[in-house]
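# Breakdown of the fold
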Amino acid sequence: MTDPSFRPSELELERRAYRTRRSRQSVLVAIASTLAFAGIVWVTVLGTPGWAQVQQRFFDPATFAASLPRVWDGFLLNLQVLALSVVTVSVVALLIALLRTLRGPVFFPLRALAAGYTDIFRGIPLIIVLYLIGLGVPALLDQRISVVLLGTVAITLTYSAYVSEVIRAGIEAVHPSQRLAARALGLGYAQTLRRVVLPQALRKMTPPLMNDFVSMQKDVGLISILGAVDAVRAAQIETSLTYNFTPYVVAAVLFVLLAIPTIRLADWYTARLREREQMGSIV
């Protein structure tokens, strides 16, 4: 508990007063800049002669409300693929990262295989992977396969390559002395990895992992090219019926609402880590 008789030094009081003044000034500047930006938007966008036509074709409230149920049904399919992909990407990426961190010449074939996988699937665009998996696998097996399964496999192949590199970087960021100390205490390789290395690596790699998760949330919308009636394809169907582009805005709003919580969580966690690293004592 804090000592009631404790009183910060004069230097600390001056610092607090300075930070308070700077905080007030920042609020005033933020308000002024926001008003100025709103004025610029009004003059350059909302005040232009063609804004009424753009508003009617892209931001029509009646079309928005009419197309929302169908786009929402398609969006549920995107969420299903996303939920499955999060699990599969986590497992496959961790396995690849562990293979790339194996030591010793005997594991060279496994390291080379994992490195080749990451090089290939980080280089191929996701849309091409979707075509290869979505059209090639059913033809190879000569049977119909669920679009959800095909989309999940394509997302997993691509994003496991990205996420595995993030995990590998987090593992290698842990100082070697941590491994040596764990082995000196009698822990085996698996125990050292599970109890010492991975918990420390997780703190370092969580922010970039969240960024990859946000990207994956957007890219699940590409499964529409496989014929799935997801949010994007549902918006396309509604647009072809009404000749109005507002359904695309509906799909965009749903994806943004899905991404915002993850983005804010990533920002909060990054700021928390920065505060812990820069934490100092009161003078």
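Residues numbered from 1 in each chain as written. Predicted model: local features only at pLDDT ≥ 70, side-chain atom pairs only at ≥ 80, totals over all residues. Heavy atoms only, no water.

## A closer look at the environment of Arg-15
By the element assignment, Arg-15 lies in helix 1 (residues 10-46). Once the C-alpha coordinates of Arg-15 and Leu-254 are considered, the two residues, 239 residues apart in sequence, prove to be 44 Å apart. (Helix = DSSP H or I, 4+ residues; strand = E, 2+ residues; numbered from the N terminus.)

## Looking at the packing of helix 3 (residues 61-100) against helix 6 (residues 147-173)
As a packed pair, helix 3 and helix 6 sit with axes 6 Å apart at the nearest point and diverge in direction by 40 degrees. Taken together, the axes of helix 3 and helix 6 are oblique relative to one another. In the crossing of helix 3 with helix 6, the sense of the turn from one axis to the other is right-handed. (Axes fitted to C-alpha atoms, helices over the stretch in contact; angles between N-to-C directions. Parallel < 35°, antiparallel > 145°, perpendicular 65-115°, else oblique. Left-handed = near helix turned anticlockwise from the far one by under 90°.)

## With respect to a positive patch on the surface
A contiguous patch of positive charge on the surface is contributed by Arg-203, Lys-204, Arg-272 and Arg-276. Mapped onto the positive patch, the elements with two or more residues apiece are helix 8 (189-219) and helix 10 (246-278). Summarising the element assignment, Lys-204 is placed in helix 8. Using a relative accessible area of 48% as the deciding quantity, one classes Lys-204 as partly exposed. (Patch = residues over 30% accessible without salt bridge, like charges linked within 9 Å, V, L, I, M, F, W, Y side chains within 5 Å. Areas by Shrake-Rupley, 256 points an atom, 1.4 Å probe, with all protein chains shown as cover. Salt bridge = Lys/Arg side-chain N within 4 Å of Asp/Glu carboxyl O. Lys, Arg positive; Asp, Glu negative; His and termini not counted. Charge placed at Lys NZ, Arg CZ, Asp CG, Glu CD. Buried < 20%, exposed > 50% of the residue type's maximum accessible area, 1.4 Å probe, protein only.)

## What to know about the pattern of salt bridges
Tallying each qualifying case throughout the model produces seven salt bridges. Here Asp-119 and Arg-122 are joined by a salt bridge, their closest N and O atoms 4.0 Å apart. Linking Asp-119 with Arg-122, this pair stays in helix 4 (residues 108-123), spanning three residues, or about one helical turn. For Asp-119, a relative accessible area of 52% translates into the label exposed. The shortest N-O distance in the salt bridge between Arg-122 and Glu-165 comes to 4.0 Å.

## Notes on helix 9 (residues 231-242)
An α-helical segment advances 3.6 residues per turn. Residues three or four places apart therefore align on the same side. The end-to-end C-alpha distance of helix 9, which contains twelve residues, comes to 16 Å, matching closely the 16 Å that a straight helix rising 1.5 Å per residue would cover. Turning to helix 9, its buried residues number three or more, namely Ala-231, Ala-234, Ala-235, Glu-238 and Thr-239. The arc that holds the buried residues of helix 9, viewed along the axis, is 140 degrees, so those residues lie on one side. A positive phi of about 55 degrees marks Tyr-243, the residue just after helix 9. (Expected span 1.5 Å × (residues − 1). Arc of directions from axis to C-beta.)

## Quick word on the layout of surface pockets
What the largest pocket holds in volume is close to 260 Å³. Lining the largest pocket are 14 residues, and of these Val-86, Ser-90, Val-163, Leu-209 and Phe-213 sit closest to its centre. Taken together, the elements giving at least two residues each to the lining of the largest pocket come down to helix 3, helix 6 and helix 8. Residue contributions to the lining of the largest pocket peak at eight residues, all from helix 8. The residue makeup of the lining of the largest pocket, split by class, is ten nonpolar, three polar and one charged. (1 Å grid on protein atoms, 1.4 Å probe; cavity = no way out; pocket = protein on both sides within 12 Å on 5 of 7 lines; lining within 4 Å. Points joined across faces, edges and corners; volume = space filled by probe spheres on them. Nonpolar A, V, L, I, M, F, W, Y, C, P; charged D, E, K, R; others polar.)

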